[in-house]
Amino acid sequence: MFSSSKPNNKKKSKKSLFKRIMAWLHLWLGLASGIIVVIVSLTGCIYVFENEIKDFIEDWRFVKPQKEAFLLPSQLVSIADKKMKDKKATSVTFGAKDEAAIVGYFVEKKEEGEKGEQKRGERKKELAQNKEKAKSELKPQGKPGEKGKGKEKKGKGGRRNGTFISVYMNPYTGEILNVKTFSRGDSPDFFRWILNGHRALWLPYDIGRPIVGVAVLIFVVLLISGIVLWWPTKWIKSIIDKSFKIKWDASFKRVNYDMHNVFGFYSCIFLFFIAVTGLVWSFGWWSKSLYWVTSGGKPLVENRESPKSDTTNVAAFNITTADKVLLNLRKENPQAAGIMISIPGKPADPIGAFVYKQKNTFYNMDRYSFDQQSLKEISIKTPFSGKYIEANIPDKIRRMNYDIHVGSVLGLTGKIIAFLASLISASLPITGFIIWWGKQKFGKKKPAPKPKVASKAIPAPKLKNTAEQEITA
C-alpha cells in the first residue's frame, strides 16, 4: 500500500461522465475531420459571393439598358447557333434590362473506345442501340410516376461529365459579348473549381461527395458536443465573461482558447443550419429524413420522371413556340428578375420555364413545363414544380434549402453572416488543434530522477569517552 504521507498528484475530475464522453468525442472526431472541415469551409466562404464577384469582374455580363424590347428566343438562338456551328441550343435566359441574355449549350463527353475489333464492335452495337432508341422516342413513354418507365439512363457521358457552354449576348441587338465554357471535371472556370472542392475535395464525385458528407455529419456532432462543453457550470459574472468574451490582452494560449470557445458559440446556430442543409446533397436518407421532420411525418415524393410532351404529334419542334411561352410568362410576371426557357431536344421533352422572382435567389422561383406542340401546361408532383406561392410549407422549406445554405434567403445580410460563419468554421479545427497540441508533452525533456535515499541511515560510531576521542584524533 502507498504511504499516506506520499502526495497524490492525480486530481479527481469534477466533470460529469456525460461531459467527459462529450470531451472525448469532441477531441477525436475533431482531429479526424479537421482538414476536410477547413477545406469545405474555406471554399464555401468564397462560393457564397460567386455572383457578386462575377458581377464586379465580368463586365461583359452587362449591357446598356434601352427602351426597345428584347429579341425573342428564336432570334437569339439563330444567331448563337451560327457561332456554335453544329451544336444545338438547350436554353435561353433573360435577366434585367441591364443584363446580358444567355444562350446555353450542353455537349456530352464522348468516351474513347478500345482498339481493334472490340472498338469496332462497340461502335456497331452503339449504332444499333441508337436506332432502337430513336424509334422508341416516337412512342408514348410510360405513365408519369411509374418507376423505370420513360426514364433515360445516365451513362458515363451524362450531364456530370459533359461540357456547358454559355453564349452571352446583347438582348437588344443579338451581339455576342462572350462565350464561356466549363465542366464538372477539368474546367478553367474558377468558381466551378471551388465548387468541386467544396462538394468533393476535387476527387471524383462518387468518391469525394460521401467523404465530405461524413465529415459534415461529424461536424454536426462537434457542434452539439461543443455547446455541451461550452455551457457554463455556474451563471456568475466571472464564468459568463469567460464564456462570452475574449481576453485579448492575455497570453497566446488563452486568446486561442477563447477564440475557439467564444467564436464557436456565436456561430454555432448558423453553422448548424449550413451543415444540415448541405447534407441534403450528400445523403439521400438525410434528404428524406429532413423532409419527414419538416412535414410532420410525410414522406418525400421524389419523382425523378420528367414531364413528357405528347409524342403522338410527330410535327417537328418549332423554336417560335418558345417565343410564345416567353411572352405569356412576361405578361403574368412583369416584375420578374429573370426568365429561363429550356429548349427541348427530343420529341418527348417539354418546354421548361423558370421564372425568378428575385435576383440571385432560387427558393421563390416558379417552374413550369409545357407541351412543345400544344403549349398545354404539364404538371408533375415534386417539391420544385409549380408556383412557389401555391406550394405547401414542407415544399417551400425544401425549395429554400440552397438559399439557406448560402445565406441568400436573407439577402446580402444573410450572405455576410454565412461568410463569417464559414470563416469561423475554418478556424475551429485549427484553434482546437492548437489547444490539444499545447497540452501534449511531445519533445519536452523529462526532469532528471532524484537519487534514491537509503531507507536506513548508517549509525556513526560511538566513542566511549573524551579521552578516547582525543587519542583517536
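Rules of the game
- Residues numbered from 1 in each chain as written.
- Predicted model: local features only at pLDDT ≥ 70, side-chain atom pairs only at ≥ 80, totals over all residues.
- Heavy atoms only, no water.
- Salt bridge = Lys/Arg side-chain N within 4 Å of Asp/Glu carboxyl O.
- Helix = DSSP H or I, 4+ residues; strand = E, 2+ residues; numbered from the N terminus.
- Buried < 20%, exposed > 50% of the residue type's maximum accessible area, 1.4 Å probe, protein only.
- Contact = heavy atoms within 4.5 Å.
- 1 Å grid on protein atoms, 1.4 Å probe; cavity = no way out; pocket = protein on both sides within 12 Å on 5 of 7 lines; lining within 4 Å.
- Points joined across faces, edges and corners; volume = space filled by probe spheres on them.
- Nonpolar A, V, L, I, M, F, W, Y, C, P; charged D, E, K, R; others polar.
- Phe/Tyr/Trp six-rings, centres within 6.5 Å; stacked < 30°, edge-to-face > 60°.
- Lys NZ or Arg CZ within 6 Å of the ring centre and 35° of its normal.
- UniProt positions renumbered as here; feature names shortened; annotations may be inferred.
- Pairing = 2+ DSSP bridges.
- Axes fitted to C-alpha atoms, helices over the stretch in contact; angles between N-to-C directions.
- Parallel < 35°, antiparallel > 145°, perpendicular 65-115°, else oblique.
- Left-handed = near helix turned anticlockwise from the far one by under 90°.
- Core = buried A, V, L, I, M, F, W, Y, C linked by side-chain atoms within 4.5 Å.

Engineer: Sorry if this is basic, but what is going on with the pattern of salt bridges here?
Structural biologist: Side chains that carry opposite charge are capable of pairing whenever their charged atoms lie near each other. Within this structure, the stated rule accounts for 14 salt bridges. A salt bridge links Lys 54 to Glu 50, with the shortest nitrogen-to-oxygen separation between them at 2.9 Å. Pair noted here: Lys 54 and Glu 50 are both in helix H2 (residues 50–57), with a separation of 4 residues, about one helical turn. Among the residues examined, Lys 54 registers a relative accessible area of 13% and is labelled buried. By relative accessible area, Glu 50 is classed as buried at 14%. The closest approach of N and O atoms between Asp 55 and Lys 359, which form a salt bridge, is 3.6 Å. Note that Asp 55 is positioned in helix H2 and Lys 359 in the loop between strand E6 (351–356) and strand E7 (366–370), a separation of 304 residues in sequence. For Asp 55, a relative accessible area of 22% puts it in the partly exposed group. Owing to a relative accessible area of 44%, Lys 359 belongs among the partly exposed residues under this scheme. Taken together, the shared-partner salt bridges in this structure form one network comprising Asp 55, Glu 58, Arg 61, Glu 99, Lys 180, Asp 189 and Lys 359.

Engineer: Would you take a moment to explain the side chain of Asp 403 for this structure?
Structural biologist: Tracing the backbone through its elements, the reader meets Asp 403 in helix H12 (residues 401–406). Here Asp 403 is in contact with Asn 360, Thr 361, Phe 362, Tyr 363, Ser 408 and Val 409, once residues within four sequence places are set aside.

Engineer: Please clarify how the layout of surface pockets should be interpreted in this entry.
Structural biologist: In this approach, a probe sized like a water molecule rolls over the atoms, and the result shows the empty space that is left. Estimates place the volume of the second largest pocket at around 1,400 Å³. As for the second largest pocket, its lining consists of 42 residues, and the residues nearest its centre are His 26, Leu 229, Tyr 257, His 260 and Asn 261. Of all the secondary-structure elements, those providing two or more residues to the lining of the second largest pocket are helix H1 (17–48), helix H6 (205–230), helix H7 (237–244), helix H8 (252–278) and helix H13 (411–439). For the lining of the second largest pocket, the class distribution of residues is 22 nonpolar, 13 polar and 7 charged.

Engineer: Teacher, can you tell me more about the packing of aromatic side chains here?
Structural biologist: Centre-to-centre distance and the angle between the planes together describe a pair of aromatic rings. Applying the stated rule across the entire model yields 28 aromatic pairs. Each ring, one from Phe 244 and one from Phe 265, has its centre 5.2 Å from the other, and the planes form 85°; the classification is edge-to-face. Remark: Phe 265 occurs in helix H8 and Phe 244 occurs in helix H7; sequence separation between them is 21 residues. The partly exposed category is assigned to Phe 244, whose relative accessible area is 23%. For the ring pair Trp 281 and Tyr 402, a centre distance of 6.3 Å and an interplane angle of 75° mean the geometry is edge-to-face. Taken together, the positions of Trp 281 in the loop between H8 and helix H9 (284–294) and Tyr 402 in helix H12 put the pair 121 residues apart, joining distant regions of the chain. Taking relative accessible area as the criterion, Trp 281 reaches 31% and is therefore assigned partly exposed. When the ring centre of Phe 94 is taken as origin, the NZ or CZ atom of Arg 330, which lies over that ring, is 5.2 Å away.

Engineer: Explain the UniProt feature "transmembrane region" (unreviewed entry) in the protein chain here, please?
Structural biologist: The residues that UniProt annotates with the feature "transmembrane region" (unreviewed entry) are residues 21–49, 211–232, 263–286 and 416–437. Annotated as residues 21–49, this span is 97% helix and 0% strand, and its ends, taken at the C-alpha atoms, are 39 Å apart. Taken as a whole, residues 416–437 contains 100% helix and 0% strand, while its terminal C-alpha atoms sit 32 Å from one another.

Engineer: Could you clarify how one ought to interpret the pairing of strand E1 (residues 89–94) in this entry?
Structural biologist: Taken residue by residue, a regular strand's side chains alternate between the two faces of the sheet. Here E1 runs beside strand E2 (residues 101–107); their pairing, made up of 4 bridges, is antiparallel. Opposite Ser 91, over in E2, you have Gly 104 as the bridge partner. Connecting E1 to the next strand, E2, in antiparallel fashion are 6 residues. Pairing of E1 with strand E5 (residues 338–342), which is carried by 4 bridges, proceeds in the antiparallel orientation. When the bridges of E5 are listed, Thr 93 appears paired with Met 340.

Engineer: I would appreciate a short explanation of the sheet that holds strand E3 (residues 163–169) in the present structure.
Structural biologist: Pairing between the strands of a sheet is mediated by backbone hydrogen bonds and can be parallel or antiparallel. Sheet architecture is open: 7 strands sit in the order E4-E3-E2-E1-E5-E6-E7, paired in antiparallel fashion. Looking along the sheet, the strands with just one partner apiece sit at the ends: strand E4 (176–183) and E7. Direction aside, the axes of adjacent strands within the sheet are offset by 15° on average. Where E3 lies against E4, 7 bridges are found, and the strand directions are antiparallel. Along E4, the bridge assignment pairs Ile 165 with Thr 181.

Engineer: Any chance you could explain the packing of H1 against H13 here in plain terms?
Structural biologist: A pair of packed helices is captured by two measures, namely the crossing angle of their axes and the spacing between those axes. Contact geometry of H1 with H13 gives a least axis separation of 8 Å together with a crossing angle of 150°. One way to sum up the angle between H1 and H13 is to call them roughly antiparallel. Crossing angle aside, the handedness with which H1 passes H13 is left-handed. For the pair H1 and H13, contact is made by Leu 27, Leu 31, Gly 34, Val 37, Val 38, Ser 41, Leu 42, Cys 45 and Val 48 and by Lys 415, Ala 418, Phe 419, Ser 422, Leu 423, Ser 425, Ala 426, Pro 429, Ile 430, Phe 433 and Trp 436, respectively. Its residues placed into classes, the contact of H1 with H13 shows 15 nonpolar, 4 polar and 1 charged.

Engineer: Just checking my understanding: could you explain the environment of Leu 29 for this structure?
Structural biologist: Looking at the secondary structure, you find Leu 29 in helix H1. C-alpha separation for the pair Leu 29 and Val 221, spaced 192 residues apart in sequence, amounts to 8.5 Å. Beyond its immediate sequence surroundings of up to four residues, Leu 29 is in contact with Ile 218, Val 221 and Leu 222.

Engineer: What exactly am I supposed to notice about the nonpolar core here?
Structural biologist: The tendency in soluble globular proteins is for nonpolar side chains to be buried as a group. Grouped together as the largest cluster of nonpolar side chains are 31 residues, with contacts concentrated most on Leu 76, Val 103, Tyr 105, Val 167, Leu 329 and Ile 341. For this core, the elements supplying multiple residues, two or more each, are helix H3 (73–84), E1, E2, E3, helix H10 (320–332), E5, E6 and E7.

Engineer: Looking at this structure, how should I read the environment of Ala 426?
Structural biologist: Considering the arrangement of structural elements, one finds Ala 426 in helix H13. The class for Ala 426 is buried, based on a relative accessible area of 5%. The spacing of Ala 426 and Leu 42 is 384 residues in sequence and 6.1 Å in space, taken between C-alpha atoms. Discounting residues that sit within four places of it in the chain, Ala 426 has contacts with Val 38, Ser 41 and Leu 42.

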